[in-house]
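Breakdown of the fold
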Amino acid sequence: LPRYFVGVLDKDSGQMEVYNAEIFNMQPLLSGRKILCLTPAPKSQDARPMYAFSCMVADSSALCCLPGYSFFLMDLCIEAFGTSKQKRALNARRMNAVGNDILNTAVTKAAANIIDAKGVPALIQDVAQDDVQNISIFLPPCNEDAEKPEDVYKFEDILPLAEYEALRVPAAVFVNITPEEIIKKTEDKSHCSFVLEELKFLPADEKSRDHKARCLWFLDILIKFSYLKVIKKKHPMGPECPHIISRKLMKNFTSLTYNNGSVQNLISASMKAKITAYVIALALHINNFQTDLTILQNDMKLQESRMMDIAKAMRLRVSKAKGLPGLENDQNHKLGTLSLPLPVQKASGNQRKRKKMN
């Protein structure tokens, strides 16, 4: 049997609520005193569109607009005057409502049984494991069978050849940069700390210098792009950003959302995690597969726990170091190293350990 529904779209939130509905024909009784018809009910406080049955007697009318009352009257009409098809649909809807109540009760009971059987600590551990797995969805393609660190996260998966070639022109400002310009850029904070520090150590070899400059320029663009919330411009990173790079940013690092009657590109929390993973992977290629995660964490404006979750999901070995360039000497740095064999993935260790009580 076909079923009918009414969808009510909230333009502010972009969410739609779906209500059961019935389609039927009503014939007003003109010879009598009463006419039964369907009329719009007054808007309630929650502003949901509702319809109610109005029973008009002579020149006066009584409008029933209590929540659910209109559907009750509709069911009565179907029971009394509906066709056999409408009555079958009514019975199906009522059986479905009973089924939902039974299902909700069963789910609640099953959840209670799981909690009793596994215990809260085990469930918390499962949630932590799920969080790591959710992060791994947004990681660059990982080759676990790689024989060399550079093949675990291949450079071509981060920057394909066409995009790499497009970076030659904008990255020229880094290739030809002078120590005085680096000092000025550091004072102006026109680039992230990681890039400013690496610009001090550009190779003298022309080919290697050009390669590192392109990588740093793209990494800087990725970090700046992560600061945005809703993308409103066609070229959010400015005209100097090649079109192919702008398209990559919009396609690979934003989510589509519905707002105010239009579709927008949004950098959600999951997309920021994806950007962070690609930034780490690129930094590993730049720094011979060991990079300072603390500097990247500050550049990305992330909490340390979030950065560590992403680094561990990428199978990095995290160690502590102190007094590296870019941060205060008394601040502990976390180094991420990509080495083979890759460590086994573990659940996030953010849960606080409870003290044993005698």
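Residues numbered from 1 in each chain as written. Predicted model: local features only at pLDDT ≥ 70, side-chain atom pairs only at ≥ 80, totals over all residues. Heavy atoms only, no water.

**Quick notes on the nonpolar core**
Counting 64 residues, the largest nonpolar core has Phe194, Leu219, Phe225, Ile280 and Met314 as its most contacted members. Listed by contribution, the elements that provide at least two residues to this core are α4 (155-158), α6 (172-175), α8 (193-198), α9 (206-226), α10 (243-252), α11 (269-286), α12 (293-300) and α13 (304-313). The biggest single contributor to this core is α11, with 12 residues. With residues up to four places along the chain from it excluded, the contact list for Met314 reads Leu139, Pro140, Tyr153, Ala277, Ile280, Ala281 and Leu338. (Core = buried A, V, L, I, M, F, W, Y, C linked by side-chain atoms within 4.5 Å. Buried < 20%, exposed > 50% of the residue type's maximum accessible area, 1.4 Å probe, protein only. Helix = DSSP H or I, 4+ residues; strand = E, 2+ residues; numbered from the N terminus. Contact = heavy atoms within 4.5 Å.)

**Overview of the side chain of Ser246**
With respect to the element layout, Ser246 can be found in helix α10. A relative accessible area of 4% places Ser246 in the buried class. Leaving out residues up to four positions away in the same chain, Ser246 has contacts with His235 and Cys241.

**Concerning the packing of aromatic side chains**
Here the distance between the centres and the angle between the planes together describe a pair of aromatic rings. Scanning the entire structure with this criterion turns up 2 aromatic pairs. Aromatic pair Phe155 and Tyr164: ring centres 5.8 Å apart, planes at 80°, arrangement edge-to-face. Exposure remark for Tyr164: the relative accessible area of 16% places this residue in the buried category. Plain terms: the ring middles of Phe253 and Tyr278 are 5.3 Å apart, the flat faces sit at 85° to each other, and that makes the pair edge-to-face. Of this pair, Phe253 sits in the loop between α10 and β7 (255-259) while Tyr278 sits in helix α11, placing them 25 residues apart in sequence. Across the pair, Tyr278 and Phe253 agree in class, each one buried. Directly above the aromatic system of Tyr164 lies the positively charged group of Arg214, at a separation of 4.6 Å from the ring centroid. Geometry around Tyr227 places Lys301 over its ring, the cationic atom sitting 4.3 Å from the centre. (Phe/Tyr/Trp six-rings, centres within 6.5 Å; stacked < 30°, edge-to-face > 60°. Lys NZ or Arg CZ within 6 Å of the ring centre and 35° of its normal.)

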